[in-house]
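# Close look at the chain arrangement
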2 protein chains.
Amino acid sequence: MKPTLQTVADQVGVSRSTVSNAYSRPDQLSPELREKIFDAARELGYSGPNPTARSLRRGRAGAIGVLFTTALSSAFTDPYAVQFLRGLAEIAEDNRTGLLLVPLRDDDDGALEAVRNAAVDGFVVYCVPGWYQAMEAAWARGLPVVNSDRSGALYVGIDEVAASRAAGEHLMRLGHRRVAIIADYISPDRGTGEVIIKAPEELGSYVSRERLTGYRDAFAAAGLDWSHVTTISAAGNSREHGAAAAAYALDRAPRPTAVVATTDLLALGVLDALATRELRPGRDVSVIGFDDIPDAAQAHMTTVRQPALDRGRIAGRLLLDPPDDPARRRIVLPTELVVRASTGPAPTGSV
Amino acid sequence: MKPTLQTVADQVGVSRSTVSNAYSRPDQLSPELREKIFDAARELGYSGPNPTARSLRRGRAGAIGVLFTTALSSAFTDPYAVQFLRGLAEIAEDNRTGLLLVPLRDDDDGALEAVRNAAVDGFVVYCVPGWYQAMEAAWARGLPVVNSDRSGALYVGIDEVAASRAAGEHLMRLGHRRVAIIADYISPDRGTGEVIIKAPEELGSYVSRERLTGYRDAFAAAGLDWSHVTTISAAGNSREHGAAAAAYALDRAPRPTAVVATTDLLALGVLDALATRELRPGRDVSVIGFDDIPDAAQAHMTTVRQPALDRGRIAGRLLLDPPDDPARRRIVLPTELVVRASTGPAPTGSV
DNA sequence: TTGAAAGCGATACCAG
DNA sequence: CTGGTATCGCTTTCAA
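Residues numbered from 1 in each chain as written. Chains lettered and ligands numbered in written order. Predicted model: local features only at pLDDT ≥ 70, side-chain atom pairs only at ≥ 80, totals over all residues. Heavy atoms only, no water.

## Some words on the packing of aromatic side chains
Residue and element names in this part refer to chain A. So the rule is basically this: A pair of Phe, Tyr and Trp rings is counted when the ring centres sit within 6.5 Å of each other, with Trp represented by its six-membered ring. The angle between the planes then sorts it: under 30 degrees is stacked, over 60 is edge-to-face, the rest tilted. Every helix listed is a DSSP run of H or I at least four residues long, and every strand listed is a run of E at least two residues long, numbered separately from the N terminus.
Here the structure, examined in full by the defined rule, presents six aromatic pairs over all chains. Consider the rings of Y23 and Y46, whose centres lie 5.8 Å apart with planes at 70°: the pair is edge-to-face. Note that Y23 is positioned in helix 2 (residues 16-24) and Y46 in the loop between helix 3 (31-44) and helix 4 (51-58), a separation of 23 residues in sequence. An aromatic cluster is defined as three or more aromatic residues linked by ring pairs; in this entry it consists of Y23, F38 and Y46.

## Digging into the side chain of D184 of chain B
Residues and elements named next belong to chain B. Using the following cut-off: Each residue gets one of three labels from its accessible area relative to the maximum for its type: buried under 20%, exposed over 50%, partly exposed in between, using a 1.4 Å probe on protein chains only. Just so you know, the count uses Lys and Arg for positive and Asp and Glu for negative, and it drops His and the chain ends. Salt bridges are counted wherever a side-chain nitrogen of Lys or Arg sits within 4 Å of a carboxyl oxygen of Asp or Glu. What makes two residues a contact is simply this: any of their non-hydrogen atoms within 4.5 Å.
Checked against the element boundaries, D184 lands in strand 6 (residues 179-184). Buried and without a salt bridge, D184 has R211 as its closest oppositely charged side chain, separated by 7.6 Å. When sequence neighbours within four positions are dropped, the list of residues in contact with D184 reads S205, S208, A234, G236, N237, T262 and L266.

## What about the UniProt feature "domain: HTH lacI-type" (unreviewed entry) in chain A?
This is how the line gets drawn: UniProt positions are given in the numbering used here, feature names are shortened, and annotations may be inferred rather than shown by experiment.
Within the UniProt annotation, "domain: HTH lacI-type" (unreviewed entry) is assigned to residues 3-58 of chain A. Span residues 3-58 of chain A is 70% helix and 0% strand, its end C-alpha atoms 21 Å apart.

## Notes on the sheet that holds strand 9 (residues 258-261) of chain A
All names here are of chain A. To keep things clear, this is the line we draw: Two strands form a pair only when DSSP identifies at least two bridges running between them. Each axis is a line fitted through C-alpha atoms, and for a helix only the stretch in contact is used; angles between axes span 0 to 180 degrees, taken between their N-to-C directions.
What the five strands build is an open sheet, ordered 7-8-6-9-10; its pairing is mixed. Each edge of the open sheet is held by one strand with a lone partner, namely strand 7 (193-195) and strand 10 (286-288). For this sheet the average axis-to-axis angle between neighbouring strands, irrespective of direction, equals 25°. For strand 9 and strand 10, the ladder comprises three bridges, and the chain directions are parallel. Its bridge partner being in strand 10, V260 is matched across the sheet by I288. Lying over the sheet, helix 9 (residues 160-173) contacts strand 6 (179-184), strand 9 and strand 10, oriented at roughly 170° with respect to strand 10. Contacts from helix 12 (residues 264-276) reach strand 6, strand 8 (230-234), strand 9 and strand 10, with the element oriented near 160° to strand 10.

## Observations regarding the pairing of strand 2 (residues 98-104) of chain A
Among the seven residues in strand 2 of chain A, seven count as buried, and that is most of the element. Residues G98, L100, V102 and L104 of chain A of strand 2 of chain A are buried on one face, and the alternating residues L99, L101 and P103 of chain A, pointing to the opposite face, are buried as well. In terms of strand pairing, strand 1 (residues 63-69) of chain A meets strand 2 of chain A through seven bridges, oriented parallel. Paired with V66 of chain A across the two strands is L101 of chain A, which belongs to strand 2 of chain A. Pairing of strand 2 of chain A with strand 2 (residues 98-104) of chain B, which is carried by three bridges, proceeds in the antiparallel orientation. Following the sheet pairing, L101 of chain A is matched in strand 2 of chain B by L99 of chain B.

## Some remarks on the environment of G110 of chain A
Mapping G110 of chain A onto the fold places it in helix 7 (residues 108-117). Expressed as a C-alpha distance, the spacing of G110 of chain A and V146 of chain A, which sit 36 residues apart in the sequence, is 22 Å.

## Observations regarding the protein's contact with DNA strand C
So the rule is basically this: Each residue is tested against the molecule or strand, and it is near if at least one of its non-hydrogen atoms lies within 4 Å. Counted as a polar contact is a pair of N or O atoms within 3.5 Å, where, for protein atoms, one must be capable of donating a hydrogen and the other of accepting one, and residues adjacent in sequence contribute only when both atoms are in side chains. Residues were grouped as follows: Ala, Val, Leu, Ile, Met, Phe, Trp, Tyr, Cys and Pro as nonpolar; Asp, Glu, Lys and Arg as charged; and all remaining residues, including Gly, as polar.
Around DNA strand C sit 24 residues in total, of which L5, S20, Y46 and R57 of chain A together with R57 of chain B are the nearest. Among the atoms of DNA strand C lying within 4 Å of the protein, the sugar-phosphate backbone contributes 60%. With respect to DNA strand C, the side chain of S17 of chain A contributes an N or O atom lying 3.3 Å from a base nitrogen. Of all the secondary-structure elements, those providing two or more residues to the surface near DNA strand C are helix 2 and helix 4 of chain A together with helix 2 (16-24) and helix 4 (51-58) of chain B. For the surface near DNA strand C, a count of residues per class yields nine nonpolar, ten polar and five charged.

This is the structure:
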């Protein structure tokens, strides 16, 4: 039989409240008594108040639910994602709160069940889109949710369209007119290869949708029609998938003078593909990524910097104590185009 | 006021038990009544039984605690670690169980508090050593713990010493006698640079201790004394730290003919360092890693393969239903030396 | 099938 | 500073 508060109280000869106070409100009793209680607890093998019972009574679960798709590997392999999680974990720690990973597998029912069953004080949505059901379930719990697409919700993010538009403008300014774009989650079959995207706005994946839209706008402003831009689907967000997708852009004639990707990981893969073909980044082919992960700097890659760590931190703060002022519930962080050596003027005679 | 089971029961005009059954034991009532109850719930905005209350009553938290040090980034950046977590998550999912990340920061008290407060059914220890206090706290909870060093505990791992001894023997067989070893957590100041390790057995870090010991044994058997082996501390388990540490081995005369590392990530850094210096892996300098992460194969790197995914899966199973038979509570998985192009005969005239 | 009653283990208010 | 009392929201026999 596991010892409880009562067990200890009986042993010491005090009431439950006093034992509870010994653990939760040290100022409510004498140090001597407190020590005596702890001694008894140790002797009985009592390791402190039961967290579940405490949560029930206090009305606080003491954990943040992190919703992500079962592609756990990709979620944690992406340095951007890791930074986001770090920021979140930092705030969680400061608030004595844990992080409960809620894996969403492909089977709908199980996923919904998991969301409904999670003992948490709120959710951070951190997964590829298409999980509206899971997000709905999170909402239905009546708990705060950060980054569901729902209006009025808590949100922290960046102006994706403006950020990628800036990158597109940079490219246009350099004179590039034969451009390929690599993105994930833009093909129905999730495979690698060229796909026709009539209108980026209609894409299901939030990130790809917004970033492609930004590029489209920048190109349009420079007179480059979207239909002349090659869009290539990557099977996932990884360096390898980026390289594989890049092949569809590089091994064709005429070769694009610029290949941009919606994430740094993909763009690093493009650089790998260039290296394989002995093409020079920024000279033969310009490359732009997105995120500015550490490897991007090391690869001298032009990219859009977004504050991943801050995003995680702010997500945590929004969740743990949501501002009353609706205006402060939706936070848009600044981004910055970081120009490095992977972009340069379009090769002459290339148009 | 948030709706509860009672609210719904009152609305429908049945008892709490019936509503509870509607959610947890569908076979206990008529489908019509069940639907009626769900309708009422929806109308009232009741999203199902409160997870915390349910946990308290059922005596099951529905989550596994994962103990790891706050170097969250390194925990998730290491592909080996990610694989382990995937395996764990897989089993957790199958058992409708969540994963609660319990970050252990450097401040002791907060960490212990976090362990004591985690609403979980057991712990998986997944952190660098030196956290005996936290592990003790986990034990004190009276819950199952996988991979605490405690004897009699649940354990899943590999024979680290034998595995690295095999790698060392491979090196000896190839004739290498000038060897450098790179490892993390072997220097008191956690910096990068050469350190003198009199006896590997005395190292604090479990992994580094065991793996260095295995190498030491293999070298000794071939007549190479440990005092002639250069040991270099890496400031962390990453490619970059590996490359930085490798500099201490490569930029000296006479240069070692082989540089081995305790993890693939570090060893990949060594390969990077070789590339920078235009040295050929397996010809000028042999390199061996440990783990066999995907990048290792891609880099044609000799390494020790360990089943990361299985390790995670088995950890999960051990925790979720611990075998009665003590012998089945400690599981040692097989490893395999994978010889690739990064190792070759010691350059002639090198001795 | 359905419902009444008894906790699960702890906390908080409020007298004493 | 201490202790009684009333929950927190749900599950689970056991009768009806």
